[in-house]
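# Chains, contacts and geometry: an overview
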Amino acid sequence: MNGPDIACHHRLSCSHLARSAGFLLLVVTETLSCGDFSIENPSCHIFFGRKCRLRFQRVVWIVPYKRMFEECFGNGPFIFRINDAGAGPQLLAQVCIERGWREYNPETNENHWNLWWKTSGFSNGHHKNIYAFQFLNHIPKGSTICRKDNLIRYLRCMRKVYGSVYDFSPHGYNLPLEYTKLAAECSRSRPPSYRDENLRLPEEKPIWICKPVAQSQGRGIFLFKKLSELNYDTNTIVQRYIEKPLLIGGYKFDLRLYVCVPSYQPLVVYMYKEGLARFGTDKFSLNDLKNPFRHLTNSSINKLGPGYAEMKDRVGSGCKWTLRQLRRYFQQASIPDWLIWQKITSLVVLTILSQLHQIPPTVNCFEFFGFDILIDSALRPWLLEVNLSPALSNDCDADSLVKKPMLHDMFDLLGLPLYNTGLSIFNVWLDGTSDNDREEDFDAKMSLKGTVTILNAAGRWRRKVRRMSAHQSSYSSTSTGRARVRSSPPTNQRSYMKLPKAQLGNPTTPLTSNVPKENTVDEDLRRPGFKTWGNGRDWRRPKARDGGWVRVWPLDSEEQLDGNNNVSISGNTGLNKMGVKAMVNKIGKFNKTAKELAKKHPAASEGQLTEFLQQELAISGDLWIPPL
């Protein structure tokens, strides 16, 4: 409560005072009239505030509190903001509105918002000046792998240091800087001059693919064989073209997989169980390199092709499948795919590790990636590129089946409220249920949503805290709703949260719309490695699964990470260093063990192979495999 003190016309009459979960309950028995704000026959009123003074004539109450979950979001509406002018993916706005959130209005909301989603990046000032109730969809320096030239450079450096475990991306060159190296490579790959062309020997010239660095959606991409055919006017990458992709009905396809990284200190990576398979709309052929509908799988290109609506062999109409459809095809075609998904898991984590060294400590920020992966005829996955803010268009049924539930599950994973109750009561209530009965009882709980009282929600919240405390020895609840989140320099490896003094104000003003004037520092948040978000999310012990999101790093749920990516195993007292080298070695062992098991047990089922791998590596979490 902020602003001037409240002057009441009646004395406060309390039947009893009760402390519960760190806040003070005042049971009022008569009508309060505070200016133009009145409460008719209230039965219970809850006041929060660190040093909040409630003045009722000459009676002054100092109301203490522990940090509560509702202090992050306050009692005002949860406001989402898309880009700067409000224009953005309609599907994203639809999901936000379905969750009961209110769209940002610059005229009425000013600088008061809770979630800001931008398709481009944020400036450093945005990250340094956010409050504990505000969240951004980008991490500082967390999108460098989304530039094609950076991705080639990072993976090349990691390959030199760690060897063949990073051999999952086609060899490439950054132009114009590495043009001479490309020319030398092209000259070495020419067929010997002494061979007679009439002998009809197979041509040894490789095919190259040229991609502008600053373009997206397949714009500016072309294939060539001769260096004389290369023509570019901007920074570009040139990579070896994968000439033998896996085909379905004669059509080339790639995979669009969705990855969420809510933290880099410690590193936490989730992959969504569903994704998209994107097809070219003309049959694949190396005889025609100029036809983009044969070689490019970007849906933004193929939906404009003449064969988009045709009923294509095995593929059908359109250009997208879900991963569930793809897996069913693999089963029908007797293609063993268990090992493919384990290789993709390794590929994703290793790619994110390549930029780990440069990410500063942050809170209340997350990164949402779209990984494009191609499977060749030998069932080997190749990383094509990583997309920043992957497309959230809703062009076909496959998009609706994948993207809308993915966004809902991601917001649940991040701890953003559902059905803006102010105190997140409905979300806390659902958290108390198991995954098995959540779907069956959802309709019943929806009908009872309005009957949940403040006291019931507080009781459920206390039980939830006790459960979390059993797993986290140093559990810390949420920071204050008007706390300012600060990021420390990378060398310090700390994150401080400025806690402003609570102030009194007009009760009709939403809690989230008050900007603090004076800041103090909470000493509890000065502990090294403390990275709890403003809403209480502590990524030192992340969930193995939340909705459709499956944790792929850390592999073991018994590992507890600190902010420096050091790991402690349950039962051990010390911390073991888990630097990038140790992480790469662990992923390499995961990949190697998966290959050995698939080779040793060719007739084993998917469930058996998964169990074998979990036993071999003592993995207590889940493995990421798309649904069947």
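Here we summarise the structure given alongside this text.

The rules behind each value
- Residues numbered from 1 in each chain as written.
- Predicted model: local features only at pLDDT ≥ 70, side-chain atom pairs only at ≥ 80, totals over all residues.
- Heavy atoms only, no water.
- Helix = DSSP H or I, 4+ residues; strand = E, 2+ residues; numbered from the N terminus.
- Buried < 20%, exposed > 50% of the residue type's maximum accessible area, 1.4 Å probe, protein only.
- Contact = heavy atoms within 4.5 Å.
- Areas by Shrake-Rupley, 256 points an atom, 1.4 Å probe, with all protein chains shown as cover.
- Pairing = 2+ DSSP bridges.
- Axes fitted to C-alpha atoms, helices over the stretch in contact; angles between N-to-C directions.
- Parallel < 35°, antiparallel > 145°, perpendicular 65-115°, else oblique.
- Left-handed = near helix turned anticlockwise from the far one by under 90°.
- 1 Å grid on protein atoms, 1.4 Å probe; cavity = no way out; pocket = protein on both sides within 12 Å on 5 of 7 lines; lining within 4 Å.
- Points joined across faces, edges and corners; volume = space filled by probe spheres on them.
- Core = buried A, V, L, I, M, F, W, Y, C linked by side-chain atoms within 4.5 Å.
- Disulfide = S-S within 2.5 Å.
- Phe/Tyr/Trp six-rings, centres within 6.5 Å; stacked < 30°, edge-to-face > 60°.
- Lys NZ or Arg CZ within 6 Å of the ring centre and 35° of its normal.
- Nonpolar A, V, L, I, M, F, W, Y, C, P; charged D, E, K, R; others polar.
- Arc of directions from axis to C-beta.

Turning our eyes to something else, we now look at the overall build of the protein. Along the backbone of the protein there are 16 helices and 29 strands. Burial analysis of the protein (628 residues in total) assigns 54% to the buried set. Counted over contacts in the protein with a minimum sequence separation of 6, partners at least 24 positions apart contribute 66%. Surface exposure of the protein reaches about 28,700 Å², of which carbon and sulfur atoms provide 49%.

Attention shifts here to the sheet that holds strand β14 (residues 222-224). Judged by pairing direction, the sheet is antiparallel, and its four strands sit side by side in the order β12-β15-β13-β14 without closing on themselves. Here the strands that pair on one side only, and so sit at the sheet edges, are β12 (172-175) and β14. The sheet shows a mean angle of 25° between the axes of neighbouring strands, direction not considered. Taken together, the five bridges between strand β13 (residues 208-212) and strand β15 (residues 236-240) define a ladder with antiparallel strand orientation. Each bridged residue has a counterpart across the sheet, and for proline 212 the counterpart in β15 is threonine 236. In this fold helix α4 (residues 148-162) packs onto β12, β13 and β15, with an angle of close to 130° to the strand it touches most, β12. The strands touched by helix α5 (residues 179-188) within the sheet are β12, β13 and β15, with β12 carrying the most contacts at an inclination of about 140°.

The next thing to look at is the packing of helix α2 (residues 90-98) against helix α10 (residues 397-413). At a minimum axis distance of 10 Å, the contact between α2 and α10 shows a crossing angle of 50°. Looking at the two axes, α2 sits oblique to α10. Considering only the axes of α2 and α10, their crossing is right-handed. Every residue of α10 that contacts α2 at Leu91, Leu92, Gln94, Val95, Cys96 and Glu98 is listed here: Lys403, Lys404, Leu407, His408 and Phe411.

This part takes up the sheet that holds strand β11 (residues 135-136). Here four strands make up an open sheet; going across it, the order is β9-β8-β10-β11 and the pairing parallel. The sheet terminates laterally at β9 (102-103) and β11, the two strands that pair on one side only. Bridge count for strand β10 (residues 115-117) against β11 is two bridges, and the pairing is parallel. Each bridged residue has a counterpart across the sheet, and for tryptophan 116 the counterpart in β11 is leucine 136. Each of β8 (79-82) and β10 touches α2; the most contacted strand, β8, lies at about 175° to it.

This brings us to empty space enclosed by the protein. One simple way to see leftover space: roll a probe sized like a water molecule over the atoms. Here the structure, examined in full by the defined rule, presents five cavities of 30 Å³ or more. Estimated volume of the second largest cavity: approximately 60 Å³. Along the walls of the second largest cavity sit Leu151, Ile152, Leu155, Arg156, Arg159, Ser169, Pro170, His171 and Gly172, which together make up its complete lining. Here the lining of the second largest cavity takes five residues from α4, the largest share from any one element.

Formed by 74 residues in total, the largest nonpolar core has its most connected members in Leu255, Leu267, Leu326, Ile344 and Phe371. Of the residues forming this core, the biggest block, ten residues, is contributed by helix α9 (residues 338-353). When sequence neighbours within four positions are dropped, the list of residues in contact with leucine 326 reads Ile248, Phe253, Leu255, Ala277, Trp321 and Trp341. Ala93, Leu392, Met406 and Leu413 belong to the second-largest nonpolar core, a separate cluster that totals 33 residues.

For the rest of this paragraph, the subject is the state of the cysteines. Following the criterion strictly, the structure yields zero disulfides and no others. Cysteine 319 supplies the cysteine sulfur nearest to cysteine 396, a cysteine that is in no disulfide, at a spacing of 6.6 Å.

The next point concerns the packing of aromatic side chains. All chains considered together, the criterion is met by 23 aromatic pairs. Between phenylalanine 135 and tryptophan 533, the ring centres sit 5.8 Å apart and the planes meet at 50°, which makes this aromatic pair tilted. Taken together, the positions of phenylalanine 135 in strand β11 and tryptophan 533 in the loop between β25 (519-521) and β26 (545-546) put the pair 398 residues apart, joining distant regions of the chain. Put simply, the rings of Phe78, Trp101, Trp117, Tyr258, Phe366, Phe368 and Phe411 touch in pairs and so form one group of aromatic residues. In this structure, arginine 81 is placed above the aromatic ring of tyrosine 104, and the distance from its NZ or CZ to the ring centre is 4.3 Å.

Before going further, it helps to spend a moment on the layout of surface pockets. Counted as a void, the second largest pocket has a volume near 1,100 Å³. Gln217, Arg256, Asn298, Glu385 and Asn387 are, among the 50 residues lining the second largest pocket, the residues nearest its centre. For the lining of the second largest pocket, the secondary-structure elements that each account for two or more residues are β13, β15, β17 (251-264), β19 (276-279), α7 (299-302), β21 (367-375) and β22 (381-388). Here the lining of the second largest pocket is built from residues that sort into 21 nonpolar, 14 polar and 15 charged.

In this section: helix α8 (residues 323-332). Every buried residue of α8 is listed here: Leu323, Leu326, Arg327, Tyr329 and Phe330. For α8, the angular spread of buried residues about the axis comes to 155°, placing them on one side. Relative to its buried face, α8 has exposed residues pointing more than 90 degrees away, namely Gln331 and Gln332. Looking at the buried side of α8, the elements it contacts are β16 (247-248), β17, β19, β20 (320-322), α9 and α16 (606-617). Where α8 terminates, the next one or two residues include serine 334, which has phi positive at roughly 55°.

Our next topic: the pairing of β17. Burial analysis of β17 places 14 of its 14 residues in the buried class, the great majority of the element. Pairing analysis gives two bridges linking β16 to β17, with the strands arranged antiparallel. When the sheet's bridge partners are listed, leucine 247 is paired in β17 with lysine 252. Where β16 hands over to β17, the hairpin turn is made up of two residues, of which glycine 249 adopts a positive phi near 65°. Where β17 lies against β19, four bridges are found, and the strand directions are antiparallel. Bridge pairing in β19 places arginine 256 opposite leucine 276. Sheet topology places β17 next to β21; seven bridges connect them, and they run antiparallel. Residue pairing for β21: leucine 257 is matched across the bridge by phenylalanine 371.

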